[in-house]
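Single-letter residue listing:
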Amino acid sequence: MIILGIETTCDETSVGIVKDGVEVLSNVVSSSAELHTKYGGIVPEVAAREQVKLMVPVVDQALSESNLTFDSIDAISVAYGPGLIGSLLIGVEAAKALSVVWDKPLIAVNHLVGHLYANWITAGNKSPKFPLVALIVSGGHTDLILMENVGKFKLLGSTLDDAAGEVFDKVARVLGLGYPGGPEIERVSGENKNDKVTTNFPRPMMSRDNFNFSFSGLKTSVANFVKERKLAEEDVASIASDFQKSIVDVLVRKTEMAVSKYGAKSIAVGGGVAANSLLRERIKGVGDRNSVEIFFPTKGLSVDNGAMIATAAYFEKKVVDPLKLQANPSLHF
Ligand code: KG4
Ligand code: ZN
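Note that the structure is predicted; figures quoted are calculated from it, not measured. (Residues numbered from 1 in each chain as written. Chains lettered and ligands numbered in written order. Predicted model: local features only at pLDDT ≥ 70, side-chain atom pairs only at ≥ 80, totals over all residues. Heavy atoms only, no water.)

Asker: It is not clear to me how the site of ligand 1 should be interpreted in this structure. Could you clarify?
Answerer: With respect to spatial proximity, 20 residues lie near ligand 1, and among them Gly139, Asp169, Gly182, Glu186 and Gly272 are the closest. Here an oxygen atom of ligand 1 sits 3.1 Å away from a polar atom, N or O, in the main chain of glycine 165. The side chain of glutamate 186 places a nitrogen or oxygen atom 2.7 Å from a nitrogen atom of ligand 1. Structurally, ligand 1 is housed in the largest pocket. (Near = heavy atom within 4 Å. Polar contact = N/O pair within 3.5 Å; in protein donor to acceptor, adjacent residues only side chain to side chain. 1 Å grid on protein atoms, 1.4 Å probe; cavity = no way out; pocket = protein on both sides within 12 Å on 5 of 7 lines; lining within 4 Å. Sits in = over half its atoms within 2 Å of the grid points.)

Below is the structure:
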């Protein structure tokens, strides 16, 4: 079965074409991130205007890169939330139109569930085993989920304030780095050779006996630390590296708590922050200590993309009426 997946929840316009849930035939991702760099964050109106221009060319490119025409597509799928309303509308309305005009079934996908299923692509024929603990860490979400089977999700905890990716972005801005902040923080952390700065950033809620997160205090700590000092260039690398360790410590600890409480057989990580190398290395440590299999999407499949939506559609099969589907910016688990 060949499914075309549309993803426009944030600043990306992406279309992926996936065969039988795991074989990516094409995955075109066009991002407007550069247009937002000067603002240090996404400007929703700018993102949506770009998506109007890009939607049809990106569908065409995905078809041509997979050497297919529309008649080989068996179903259309789309991320209908959560996300920015202007951006979501572009993808959802495009998917509805394609479904009606091409006469193909339409499958609605929760964007967060899409991030999770990106791991099924990387896993190939070796599907993750249940119960599975999933950590979804993106620009808008930080969620720990227990997945007991395909389509069976239980939300264990979420961030009470800022999402992990959002904090990476905000701290990067405080440190005078570019947008998106996660890759920038990771890059300068790797250049850190300065152990002279002592930061003592907090690990918020790390020892609490629940699965919630709170990162706004950590963000404020970094901002105050920077405000109180005149920083040399090498201090930026040191602060970025300490901040990265703090946030990763919390994410990893809560994931390990969930693994042991629910006797998980696998861990899957998803969302843009899953691209972070320190997080990958430390989650691998959790897997080794607990004899649990771990799954990460490739870096390209960690960020928003259409292939993960097509894969989630294949496994979840939530066929909807194309005339009735509505974008839902606050959709959750
Ligand atoms: O999932 P995603 O592409 O979009 C949303 O659904 O939000 O995630 C984007 C987020 C941004 O906040 C970005 O800074 C973060 O993912 N990110 C990273 C890395 N690459 C992207 N955070 C930490 N380390 C990275 N290497
Ligand atoms: Zn996302």
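Continuing now.
Asker: Even after reading the chapter, I still don't get the coordination of the zinc ion (ligand 2), so can you show me in this structure?
Answerer: Those donors, His111 (NE2), His115 (NE2) and Asp304 (OD), are the protein atoms that reach the zinc ion (ligand 2), and they lie 2.0 to 2.2 Å from it. Mapping the donors of the zinc ion (ligand 2) onto the primary sequence yields the spacing H-x3-H-x188-D. Of this pair, histidine 115 sits in helix H4 (residues 111-123) while aspartate 304 sits in the loop between helix H10 (299-302) and helix H11 (306-316), and the two are 189 residues apart along the sequence. Like histidine 115, the residue aspartate 304 is buried in the burial classification. (Donors = N, O, S within 2.8 Å, 3.2 Å for Na, K, Ca; no water. Helix = DSSP H or I, 4+ residues; strand = E, 2+ residues; numbered from the N terminus. Buried < 20%, exposed > 50% of the residue type's maximum accessible area, 1.4 Å probe, protein only.)

Asker: Mind showing me how you'd approach helix H5 (residues 164-174) here?
Answerer: Quick reminder: α-helices carry 3.6 residues per turn. Residues three or four places apart thus point the same way. When H5 is considered as a whole, its buried residues turn out to be Ala164, Gly165, Val167, Phe168, Asp169, Val171 and Ala172. Next to the buried residues of H5 lie strand S6 (132-137), strand S7 (142-149), helix H6 (181-190), helix H7 (216-227) and helix H8 (233-262). Positive phi appears at glycine 176, one or two residues downstream of H5, with a value of about 75°. (Contact = heavy atoms within 4.5 Å.)

Asker: In this structure, what is going on with the packing of aromatic side chains? I would like to understand it.
Answerer: Ring pairs (aromatic) are described by centroid distance and by the angle formed between their planes. As enumerated under the stated definition, the model contains 11 aromatic pairs in all. On the numbers, 6.3 Å between centres and 45° between planes, the contact of phenylalanine 211 with tyrosine 262 is tilted. On the criterion of sequence distance, the pair formed by phenylalanine 211 in the loop between H6 and H7 and tyrosine 262 in helix H8 is long-range, its members being 51 residues apart. Residue phenylalanine 211 is classed as buried on the basis of its relative accessible area, which comes to 9%. Owing to a relative accessible area of 24%, tyrosine 262 belongs among the partly exposed residues under this scheme. Ring geometry for tyrosine 314 versus phenylalanine 315: centroids 5.1 Å apart, planes at 90°, classification edge-to-face. Overall, phenylalanine 315 belongs to the partly exposed group, its relative accessible area being 22%. (Phe/Tyr/Trp six-rings, centres within 6.5 Å; stacked < 30°, edge-to-face > 60°.)

Asker: Sorry if this is basic, but what is going on with the pairing of strand S5 (residues 106-110) here?
Answerer: Looking down a regular strand, the side chains alternate between one sheet face and the other. Among the 5 residues in S5, 5 count as buried, and that is most of the element. Residues of S5 alternate between two faces, with Leu106, Ala108 and Asn110 on one and Ile107 and Val109 on the opposite face, all of them buried. On the question of chirality, the crossover connecting strand S4 (residues 75-81) to the parallel S5 by way of helix H3 (residues 85-102) is right-handed. Bridge count for S5 against strand S11 (residues 319-320) is 2 bridges, and the pairing is antiparallel. Looking at the pairing, isoleucine 107 lines up with valine 319 of S11. (Right-handed = clockwise from strand over helix to strand, strands pointing away. Pairing = 2+ DSSP bridges.)

Asker: Got a minute to help me understand the nonpolar core in this structure?
Answerer: As a rule of thumb, nonpolar side chains are buried together in soluble globular proteins. Ranked by internal contacts, the top residues of the largest apolar core, which has 47 residues, are Phe243 and Ile247. Examining the composition of this core, we find that 12 residues originate from one element, H8, more than from any other. Setting aside residues up to four positions removed in sequence, phenylalanine 243 forms contacts with Val167, Phe168, Val171, Ile185, Phe201, Leu218 and Val222. (Core = buried A, V, L, I, M, F, W, Y, C linked by side-chain atoms within 4.5 Å.)

Asker: Can you walk me through the packing of H8 against helix H9 (residues 277-290) in this structure?
Answerer: Angle between the axes and distance between the axes: these two values describe a pair of packed helices. Two numbers describe how H8 lies on H9: the axes approach to 10 Å, and their chain directions differ by 30°. If you check the angle between H8 and H9, you find them roughly parallel. Viewed along their axes, H8 and H9 form a crossing whose handedness is right-handed. Here H8 contributes Gln244, Lys245, Val248, Asp249, Leu251, Val252, Thr255, Glu256 and Val259 to the contact with H9, which in turn contributes Leu278, Leu279, Arg282, Ile283, Val286, Arg289 and Asn290. Here the contact of H8 with H9 is built from residues that sort into 8 nonpolar, 3 polar and 5 charged. (Axes fitted to C-alpha atoms, helices over the stretch in contact; angles between N-to-C directions. Parallel < 35°, antiparallel > 145°, perpendicular 65-115°, else oblique. Left-handed = near helix turned anticlockwise from the far one by under 90°. Nonpolar A, V, L, I, M, F, W, Y, C, P; charged D, E, K, R; others polar.)

Asker: Please clarify how the environment of leucine 135 should be interpreted in this entry.
Answerer: Along the chain, the position of leucine 135 falls in strand S6. The spacing of leucine 135 and threonine 255 is 120 residues in sequence and 7.0 Å in space, taken between C-alpha atoms. Among all residues touching leucine 135, those that are not within four sequence positions of it are Asp143, Leu144, Phe213, Leu251, Thr255, Ala268, Val269 and Gly270.

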